[in-house]
Structures are given as structure tokens and as C-alpha cells.
Amino acid sequence: MGILSLDSLIRRPEAGAFLGMAFVFAFFSIFGGATFTSFAGAASWFNVAANLGIIAIPIGFLMIAGELDISIGAMVPAASMSMGIISGFYDLPIMVGVALTLGFGGIVGWINGMIVVRTAVPSLIVTLGTLFAVAGLTLFMSIVLTDTTAVSLAAPAWAKAVFGKFYFGSYQVIIAWWLGLTAIYIYFLHFSPWGNWLYAIGGDRESARNAGIPTNKFTILLFVLSSMSAAFVGLCQTILFNSAQVSTGMSFIFNTIISVVIGGVLLTGGFGSVIGIFFGTLTFAMVNQGIYYTDFDRNLSSLIVGVMLLIAVLMNNTFREMALRYSGPKQAN
Amino acid sequence: MKDKTPVLELQDIDMSFGPIDVLHEISLKVQEGEVLCLLGDNGAGKSTLIKILCGVYKPIRGAILMDGSQVEFNRPRDAADRGIATVHQFGGTFPLMSIGRSFFVGVEPTKKWGPFTFFDRKKANEIAVKAIQDFGITRIDDGNRLIGGLSGGERQSLAIARAVHFGARVLILDEPTAALGVKQAAHVLRIVNEAKRRGLAVVFITHQVLHAMAVGDHFAVLIRGGIAADFRKGDKTREEITDLMAGGETTEDLEIEFAIRDGPVEGRPHSAAP
Ligand SMILES: Nc1ncnc2c1ncn2[C@@H]1O[C@H](COP(=O)(O)OP(=O)(O)O)[C@@H](O)[C@H]1O
Ligand SMILES: [Mg+2]
């Protein structure tokens with residue numbers, strides 16, 4: 001492996017994501033004053049990034065594979081409620097609540113995956129169906145079981161320490177989960193042999209199957225992963241806030257997709273990186289929270305996000321062209 | 001001509017899709033170190049025949065033999081396991097993957113580090129680059145290049161080198177030169193010759209007679225799902241083959257047609273005998 005030249009850095013899928021993040025950081029450092037970059041101020045965007053990022057990376061994997069999962073928008077609040085009902089309303093042990101909630105997420109993901117690989121229905125439509133089904137089921141079960149739309153939960157200290165507690169004043173413990181999972185996903189996509197399978201499936205599913213890759217099983221697993229990740233975020237929120245209410249998590253759908261695209265994953269599949277998605281998520285969170293530190297109207301954050309998304313899509317195409325054009329290290333003699 | 005057992009043989013293959021008969025009574029053989037050219041107009045059934053050879057379709061009648069004994073392909077994997085490799089028109093199918101990564105899709109070289117299994121990128125790149133350089137494509141020296149950045153001819157060559165590296169015995173090339181310019185096509189034809197020299201049995205599908213004649217040992221012309229002619233190198237001229245493919249309509253007929261349509265043309269380049 002040669003030295004890291006500027007040229008080789010710029011070809012990487014995360015190059016654009018990194019530049020975007022640097023720009024946004026500089027922007028809010030200037031207009032947001034000292035609080036944006038202060039230790040306490042940074043917690044607000046790190047918290048948003050962590051809750052989003054845990055779901056965004058598996059969504060990014062699905063997009064690299066050429067699929068999409070929008071049912072996570074219902075899975076986050078459903079898992080919140082499920083955790084609250086099992087370990088709060090029924091007072092069962094925390095681990096039972098965690099296991100059943102993750103299990104529920106796994107089943108929804110498995111259903112998504114099975115329908116997508118067994119039928120020719122696009123995953124957008126399949127998961128649109130499960131999005132509504134899970135949302136409806138959550139409301140129905142909450143009313144039937146608890147007769148309310150809000151439950152409280154008092155988690156023991158160890159459970160709060162692991163799943164939902166503020167450290168150093170305002171840093172949620174889920175940030176540690178996010179960093180740990182990101183490290184595992186980096187290994188998975190970029191260093192393990194299975195990462196190669198994901199790129200191959202996204203590049204050409206038919207050829208990947210003919211090369212002996214179990215494409216269907218792999219795709220189903222990706223849906224299980226995204227759904228379980230959403231369930232994990234939902235249950236952590238219940239433990240953190242000691243309560244859950246029937247709500248909508250629709251913003252997760254758009255916010256994860258935006259983070260993934262800003263992170264350099266191509267909408268056509270087959271190309272992307274975990275670090276890029278990580279940067280994309282942080283960028284989104286900075287814009288989303290940074291606006292509160294400025295004198296600007298907070299509605300402008302949507303405008304900024306929208307413009308950034310468009311720029312990212314255009315840049316992604318450019319970077320892809322550059323990556324394709326690369327023809328090996330230039331000999332300097 | 002000594003009569004060796006053919007590596008691959010088709011006996012009276014029939015194929016239909018519902019009521020549509022696409023192939024009837026196709027019998028063909030191909031031996032080690034031999035190129036069989038399958039010629040035919042669009043819609044003649046060439047692609048369908050290949051899909052039978054590589055296990056995508058099962059014929060409704062007839063037998064497939066390898067080394068003289070009957071085999072059955074229920075899925076593409078079965079054919080691949082027996083050493084039948086197919087290279088499609090656009091060669092590398094993973095444009096956004098690197099040469100090293102795509103070369104080893106499904107059979108990634110790994111190394112262990114503690115409990116972790118790592119994709120051995122360095123080894124993958126080295127082997128892939130060496131395999132393609134051994135085929136005479138010395139311009140490719142970096143396994144990190146993306147497939148989509150290679151020229152059409154290079155992609156075809158890489159796909160062929162890959163098949164050979166993984167021990168293919170039968171190489172099926174579906175119109176490998178159709179989308180290429182003259183130079184690129186010559187490139188691929190050289191690679192086909194090299195594969196043949198290494199003892200592979202090659203089935204080369206094309207509708208470009210010149211390309212077929214450049215590498216073929218044995219020719220079969222497919223018309224509307226049947227074999228209209230089966231002959232060896234040197235038995236027929238280029239015009240005769242072209243006429244056969246057109247299904248009786250001779251090149252002279254076509255020239256007259258052109259002449260009527262376009263008016264008399266001075267110095268229209270006549271196709272000289274090869
Ligand atoms: N899956 C299919 N179902 C129905 N008809 C088909 C199918 N595949 C090919 N055919 C028909 O079979 C004939 C031969 O097609 P094909 O093998 O693609 O020819 P070629 O490759 O020589 O151009 C065509 O008439 C085509 O319409
Ligand atoms: Mg065809």
C-alpha cells in the first residue's frame with residue numbers, strides 16, 4: 001500500500017462527506033458562537049447523531065445492496081412502547097423487555113426481507129406496508145393491553161447505565177453504542193470477506209448469486225439488522241426517559257436516508273462506506289442542532305439540509321466518475 | 001482428425017417457452033483447445049442455447065454430456081462447478097468494485113488475525129493483476145482500479161482471465177466483441193486464442209463472421225432454432241457463411257437491394273475473400 005496521497009483520498013466514497021462535515025462545522029462554529037463547540041453544546045448534536053447513526057449504517061448497507069427500509073419509522077416508536085409495556089406496565093425484568101423488543105424488531109425485519117426476496121415488489125413498497133402495519137399494531141396493542149397511550153418504566157441502575165443514562169452531564173450512553181457499532185460495521189464492510197458480498201450484491205445481484213453468494217439470506221439479514229437497530233434505539237429511549245408514548249418516528253425515515261446520501265452512498269447501489277455514513281450522520285446532526293445556537297430562524301435548518309442533500313447527490317456522481325477514471329498510481333519517471 | 005472425447009457435447013436439444021419452440025434438435029461438440037463458433041442472426045436462439053449450457057434453463061428434451069457422460073444442470077452453480085464459465089457481453093459485471101475485489105467475488109482470500117477473518121486485499125490484488133498480465137494485458141498493474149474504469153476489451157479480457165484462473169474447462173463467450181471497436185475486438189480475439197492455446201474448450205457466440213473466422217476451428221450456423229450448417233475451418237468462404245446466416249438471402253441480393261435504394265455507387269468497398 002502506497003502513501004496516502006491527496007489524490008487517493010479524494011477518490012474515496014467518504015471524501016465528499018468529510019468536506020461537507022468540515023464546512024458545516026466551520027459554519028456553525030462561526031455563527032453558533034462558542035456554545036456550539038463547547039463540551040456541553042456538542043453533546044446535543046452527538047446525541048442526535050448517535051440515535052440516528054445506529055440506524056443509518058444498516059440503512060446504508062441496504063442502500064448499497066440496492067434496497068430500502070422505511071418501516072424503521074414505525075419500528076422506533078413501536079420498540080419504545082413495547083419496552084415500556086413489557087418492563088414498565090407488566091414490570092417484567094429489563095432483559096425480558098430488551099429481548100422481546102429486539103425479537104419483535106427481528107421478526108419485522110425478517111418479514112420485510114422475506115417479502116422482498118420472494119416477490120418482485122420493490123422494498124420501498126414492502127416496507128411502506130410494514131411501516132403502516134407496525135404503526136397500527138402499536139397503537140392497537142397499547143390501547144388493548146394498557147388502555148392508555150403512554151406508559152412509564154423505572155429501570156434499575158445497571159440498566160440505565162448500559163442503555164439510557166446521561167454521562168458527563170448531557171452525553172447519552174447510546175453514543176458509546178454508536179461508536180462501538182460503527183467500529184464493528186467498518187470491520188464488516190471494509191475488512192471482512194462479507195463486505196465484498198455486499199458490494200457484489202449491490203453491483204449485480206444475479207452475478208453475485210451465480211458466484212455462490214447466498215444473496216437472499218444476506219438480504220434478509222440486512223433487513224433484520226436495520227429493523228433490530230431501530231428497535232434498539234427505541235428501547236434505549238424508553239430506558240433513558242423512563243417512559244414511552246405512542247408517537248410517530250417518521251422523521252427517522254428521512255433523516256437516515258439523508259445521512260446515508262450525504263455520506264456518499266450512491267442511490268444506485270454498489271458503492272459507499274461506513275465512515276462516509278458516519279460523517280453524513282454527524283453533519284446532519286450538526287445542522288439539525290446547530291441552528292439553535294445561531295440567530296437564524298430554526299426553519300432554515302431544513303433549507304440547509306435540503307440544499308446539502310442536493311449538493312451531496314451531485315457530488316456523489318462526480319466522485320463516482322473520478323473513482324471510475326482512476327487508472328493506477330502515476331509513475332513519476 | 002483424431003476423435004477425442006469432446007469436453008462438452010449436446011445431443012438433440014429441444015427447447016421451448018410455452019408454445020414457442022426456440023431450439024430444435026441441436027447437436028454440437030467442442031473439444032479441448034478448440035474454438036466452436038456459434039453463428040446466427042438476432043433471434044436465432046444463440047442466447048437461449050448458452051443459457052442451457054450454463055444451467056439457467058433446462059432443455060425440454062435432449063442430453064448434455066461432459067467428457068462423454070451425461071450431466072444435468074439444475075442451476076448455474078452446477079454448470080460452474082463442472083468448469084463451465086460464461087462471460088457476457090459487458091464482461092465485468094461489478095463496475096464499482098475494484099479489480100481485486102471483483103476477481104474474487106464469492107471466493108475471497110482471507111487471513112486470520114486473532115478471532116477475526118480478514119479479506120486479504122493485497123493477495124487478491126496481486127493474484128488478479130498477475131492473472132490478467134499473464135494474458136498479455138500489461139497495462140493493468142493496480143488491483144485497486146475499478147472495473148468500470150477499464151475499457152470494454154480489458155473488461156472482457158479480465159473476465160476471461162478470471163475464468164481461466166478458477167480452472168474453467170469450457171469458456172462460453174456471448175458476443176464478446178459486439179460492442180467493441182476494431183482494436184478492442186482484436187484484443188479480445190487474441191485472448192480467446194490464448195485461452196485455446198491453454199487447452200480450454202471455447203464456445204464463441206457472434207454474428208460477426210470475420211471475428212469468428214479469426215479464431216474458430218469449427219463453426220455452426222443457427223437459423224430459427226435449428227442448425228443450418230456445421231463445418232470446419234477452411235470449408236467455407238466468408239461470403240458463404242454470411243449467406244448461410246442470412247438464411248438463403250445472399251450478400252449479392254443485399255447488394256442489389258442497396259444499389260436500388262441508394263443508387264449506383266462507385267467504389268463501394270467489396271468484401272474481398274479473407
Ligand atoms: N424467456 C423467454 N420466453 C419466451 N421467448 C423467449 C425467451 N427467451 C428467448 N425467447 C425467444 O427465443 C428466440 C431466440 O432468442 P435468443 O436466444 O435471445 O436469440 P439470439 O441470442 O440468437 O438473438 C427469440 O424469438 C426470443 O423471442
Ligand atoms: Mg443474444
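This structure is a prediction, so every number in the text was calculated from the model and none was measured. (Residues numbered from 1 in each chain as written. Chains lettered and ligands numbered in written order. Predicted model: local features only at pLDDT ≥ 70, side-chain atom pairs only at ≥ 80, totals over all residues. Heavy atoms only, no water.)

### A word on the overall build of chain A
Looking only at helices and strands, one finds 15 helices and 4 strands in chain A. Relative to its full complement of 333 residues, chain A shows a buried share of 53%. Partitioning the contacts of chain A with sequence separation of at least 6, the portion at a separation of at least 24 is 78%. Looking at chain A as shown, the accessible area adds up to about 14600 Å², and 71% of this sits on carbon and sulfur atoms. (Helix = DSSP H or I, 4+ residues; strand = E, 2+ residues; numbered from the N terminus. Buried < 20%, exposed > 50% of the residue type's maximum accessible area, 1.4 Å probe, protein only. Contact = heavy atoms within 4.5 Å. Areas by Shrake-Rupley, 256 points an atom, 1.4 Å probe, with all protein chains shown as cover.)

### Concerning the packing of aromatic side chains
Residue and element names in this part refer to chain B. Here the structure, examined in full by the defined rule, presents 34 aromatic pairs over all chains. Centre to centre, the rings of Phe-104 and Phe-166 are 5.7 Å apart; their planes meet at 90°, and the pair counts as edge-to-face. Of the two residues, Phe-104 sits in the loop between helix H3 (99-103) and strand E7 (110-113) while Phe-166 sits in the loop between helix H5 (152-165) and strand E9 (170-174), which places them 62 residues apart along the sequence. The exposure class of Phe-104 is buried, given its relative accessible area of 5%. Looking at Phe-166, the relative accessible area reads 37%, which means it is partly exposed. Aromatic pair Trp-113 and Phe-118: ring centres 6.4 Å apart, planes at 80°, arrangement edge-to-face. For Phe-118, a relative accessible area of 17% gives the class buried. Positioned above the aromatic ring of Phe-135 is the side chain of Arg-198, whose terminal nitrogen or guanidinium carbon lies 4.2 Å from the ring centre. Stacked on the ring of Phe-231, the Lys or Arg Lys-236 has its end atom at 5.2 Å from the ring centre. (Phe/Tyr/Trp six-rings, centres within 6.5 Å; stacked < 30°, edge-to-face > 60°. Lys NZ or Arg CZ within 6 Å of the ring centre and 35° of its normal.)

### Overview of the site of ligand 1
Residue and element names in this part refer to chain B. For ligand 1, the full set of nearby residues is Phe-17, Val-22, Asp-41, Asn-42, Gly-43, Ala-44, Gly-45, Lys-46, Ser-47, Thr-48 and Tyr-57. Gly-43 places a polar main-chain atom, nitrogen or oxygen, 2.6 Å from an oxygen atom of ligand 1. The separation between an oxygen atom of ligand 1 and a polar side-chain atom of Ser-47 is 2.7 Å. Ranked by the residues each element gives to the shell around ligand 1, the list is headed by helix H1 (residues 46-53), at 3 residues. Residue composition of the shell around ligand 1, grouped by class: 4 nonpolar, 5 polar and 2 charged. (Near = heavy atom within 4 Å. Polar contact = N/O pair within 3.5 Å; in protein donor to acceptor, adjacent residues only side chain to side chain. Nonpolar A, V, L, I, M, F, W, Y, C, P; charged D, E, K, R; others polar.)

### Observations regarding the interface of chain B and chain A
Taken together, the contact pairs 25 residues of chain B with 32 residues of chain A. Looking only at chain B, the three residues that lose the most surface to chain A are Phe-94, Leu-96 and Arg-101 of chain B, adding up to 24% of its buried area. For the pair chain B and chain A, the interface holds 0 salt bridges. Our count for the contact surface shared by chain B and chain A stands at 7 residue pairs in polar contact (both at pLDDT 80 or more). Contributing elements (two or more residues each) for the side of chain B that touches chain A: helix H2 (76-81) and strand E8 (116-119) of chain B. A per-element tally of the side of chain B that touches chain A places E8 of chain B first, with 4 residues. (Buried area = accessible area lost by both parts, 1.4 Å probe. Salt bridge = Lys/Arg side-chain N within 4 Å of Asp/Glu carboxyl O.)

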